[in-house]
Amino acid sequence: MTGQKKSVLILGGGLAGLTAAKRLTDRGFDVKVLEKLGRYGGKVASWKDDEGDWIESGTHCFFGAYGVLYDLMKEIKTYHAVLWKEHKLTYTLAGGGDFTFNTWDLPSPLHLLPAIIGNRHFSFGEMAAFSRSLIPLALHQDRYAPTQDHLSFADWAEEKKFGKRLMNTMFRPMSLALKFIPPEEISAKIILDVTETFYRIPDASRMGFLKGAPSEYLHKPLVDHSTSRGAEFRSDAAVDELLYEGGEIKGVQLKNGEILTADYYLSALPIHNLNRVLPESLKEHDRFFKVLEHLEGVPVISVQLWYDREITPADNVLFSPDGVIPVYANLARTTPEYRTLRGEPFTRKSRMEFCVAPAAPLMQLTDAEIVRRVDESVRNCYPATSRGASILKSTVVRIPHSVYAPLPGMEQYRPTQVTPVRNLFLAGGFSRQLYYDSMGGAVMSANLAAEGIVKAAEAEKCS
């Protein structure tokens with residue numbers, strides 16, 4: 001851009017907002033980011049507690065499919081912090097059993113042969129039925145999943161008759177890990193989209209962990225990069241309402257009464273906060289904004305437990321269909337910089353982090369009761385190694401509204417990043433892009449929103 005810089009006000013300092021700030025400052029815009037909390041990162045937040053230990057808002061796994069995220073990390077020179085794990089999916093079972101889906105380093109779909117014919121849990125008949133159900137995906141690829149948004153995944157699986165055991169053991173924890181809701185509630189489109197990606201791209205299902213905190217390897221580098229190019233970041237700056245008049249946004253009013261203005265406005269707020277700050281006059285003016293009320297956030301609970309011995313030596317993400325721990329990991333193995341307890345080295349023991357889901361029926365329980373249920377699930381899965389183990393420390397993080405709930409029929413309400421209002425743009429995993437509400441989705445939505453602003457500015461300059 002040449003001449004006077006155009007200004008952009010970004011609402012929300014999560015991964016989408018920080019990515020958009022980088023993209024726009026790189027293109028010469030004057031950028032200001034508002035974040036209501038005292039830290040950045042949003043759904044990927046991390047912080048040190050009073051005892052010096054890193055706490056995360058959730059179990060943050062890095063799927064191989066998130067190419068746009070890794071492109072971003074390479075730009076800010078932090079891609080080296082992603083520690084890729086062995087390409088396999090391991091499920092742990094009550095009673096101490098487990099099974100693993102392995103892959104081969106071969107072109108698609110041959111890379112999945114070990115998972116189909118070599119797992120130790122499901123019969124050949126069950127896997128054959130499952131394979132038959134995927135024929136439409138193989139034939140139509142990404143064109144098939146959108147046609148199934150009217151069904152829950154459980155209903156779709158019932159139609160395909162691939163069996164309750166496969167559904168409850170394999171896909172229930174997958175559904176809860178991806179979107180924190182069970183197969184009976186999640187749209188079939190979501191699971192089918194993910195399955196098709198894993199089927200088509202050999203490395204898509206490979207997973208990794210950061211070697212330390214997201215704030216150190218994502219958020220701080222992004223803030224530093226944009227700040228060095230003139231961007232301003234304001235934390236503890238809660239937005240009250242977008243000011244809409246004459247067919248465009250005229251400003252943003254903060255909770256403290258302050259009004260800020262810019263040439264363009266980019267909301268990178270989660271869907272429940274976006275719905276709260278959109279004025280009724282704008283919702284009434286355009287259905288594009290009114291239908292966003294159909295999208296709601298899912299409650300999420302994350303628990304960390306420090307045990308006085310090693311419960312599992314697994315250096316990878318783990319899944320479980322039993323109890324309340326559908327996805328978890330021993331961070332003392334996966335994440336070298338998290339090997340601490342109260343700020344001191346913590347080795348040859350377990351520091352485990354769990355996604356507790358579905359969280360909705362548990363949100364009103366005490367922290368102690370949630371920890372008790374998680375610990376019970378751990379001991380059921382590891383009866384031998386957990387015998388006599390003591391919990392040295394526990395943390396519970398509750399998020400009442402996290403990713404949007406991808407229920408059947410919700411796809412039609414997901415908005416594009418460019419809106420009918422000429423100077424208002426949207427970013428966030430709930431908006432339309434390939435990766436849904438995820439780290440990859442946050443980055444891709446920010447890329448699309450930033451490109452929309454660039455194009456709008458160029459068009460305005462030429463008019």
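Residues numbered from 1 in each chain as written. Predicted model: local features only at pLDDT ≥ 70, side-chain atom pairs only at ≥ 80, totals over all residues. Heavy atoms only, no water.

Trainee: Explanation requested: the overall build of the protein chain in the structure shown.
Mentor: A tally of regular secondary structure across the protein chain gives 15 helices and 22 strands. Judged by the C-alpha coordinates and their principal axes, the protein chain covers about 65 × 55 × 40 Å. Long-range pairs, those at least 24 residues apart, make up 70% of the contacts in the protein chain with a sequence separation of at least 6. As presented, the protein chain carries roughly 19,000 Å² of accessible surface, and 52% of it is formed by carbon and sulfur atoms. Between the averaged position of the 54 positive side-chain charges in the protein chain and that of its 55 negative side-chain charges there is a distance of 3 Å. (Helix = DSSP H or I, 4+ residues; strand = E, 2+ residues; numbered from the N terminus. Contact = heavy atoms within 4.5 Å. Areas by Shrake-Rupley, 256 points an atom, 1.4 Å probe, with all protein chains shown as cover. Lys, Arg positive; Asp, Glu negative; His and termini not counted. Charge placed at Lys NZ, Arg CZ, Asp CG, Glu CD.)

Trainee: Sorry if this is basic, but what is going on with the domain arrangement of the protein chain here?
Mentor: How big an interface is tends to be stated in terms of accessible area lost as the parts join. When cut into domains, the protein chain gives domain 1 (7-38 + 235-295 + 414-462), domain 2 (43-103 + 206-212 + 296-407) and domain 3 (106-202). The distance between the C-alpha centroids of domain 1 and domain 3 comes to 34 Å. (Domains from an automatic or database assignment.)

Trainee: When you look at the nonpolar core in this model, what are you seeing that I'm missing?
Mentor: Taken as a class, soluble globular proteins show a tendency for nonpolar side chains to be buried jointly. Counting 139 residues, the largest nonpolar core has Ile10, Leu24, Leu69, Phe153, Trp156, Phe171 and Leu266 as the members making the most contacts within it. Ranked by residue count, the leading element in this core is helix α15 (residues 439-462), at 10 residues. Each residue touching leucine 24, except ones within four places of it in the same chain, is listed here: Val8, Ile10, Phe29, Val31, Leu266, Ala450, Ile453 and Val454. Core analysis: the next-biggest nonpolar cluster, separate from the first, contains 23 residues, Val324, Phe354, Ile370 and Val378 among them. (Core = buried A, V, L, I, M, F, W, Y, C linked by side-chain atoms within 4.5 Å. Buried < 20%, exposed > 50% of the residue type's maximum accessible area, 1.4 Å probe, protein only.)

Trainee: Got a minute to help me understand the packing of helix α4 (residues 124-133) against helix α7 (residues 164-179) in this structure?
Mentor: Any two packed helices are characterised by how steeply their axes cross, that is the angle between the axes, and by the distance between the axes. Two elements in contact, α4 and α7, have axes separated by 10 Å at closest approach and are oriented at 75 degrees. The angle between α4 and α7 falls in the class roughly perpendicular. Residues Glu126, Met127 and Phe130 of α4 lie in contact with α7, whose contacting residues are Arg165, Leu166, Met170 and Phe171. By residue class, the composition of the contact of α4 with α7 is five nonpolar, no polar and two charged. (Axes fitted to C-alpha atoms, helices over the stretch in contact; angles between N-to-C directions. Parallel < 35°, antiparallel > 145°, perpendicular 65-115°, else oblique. Nonpolar A, V, L, I, M, F, W, Y, C, P; charged D, E, K, R; others polar.)

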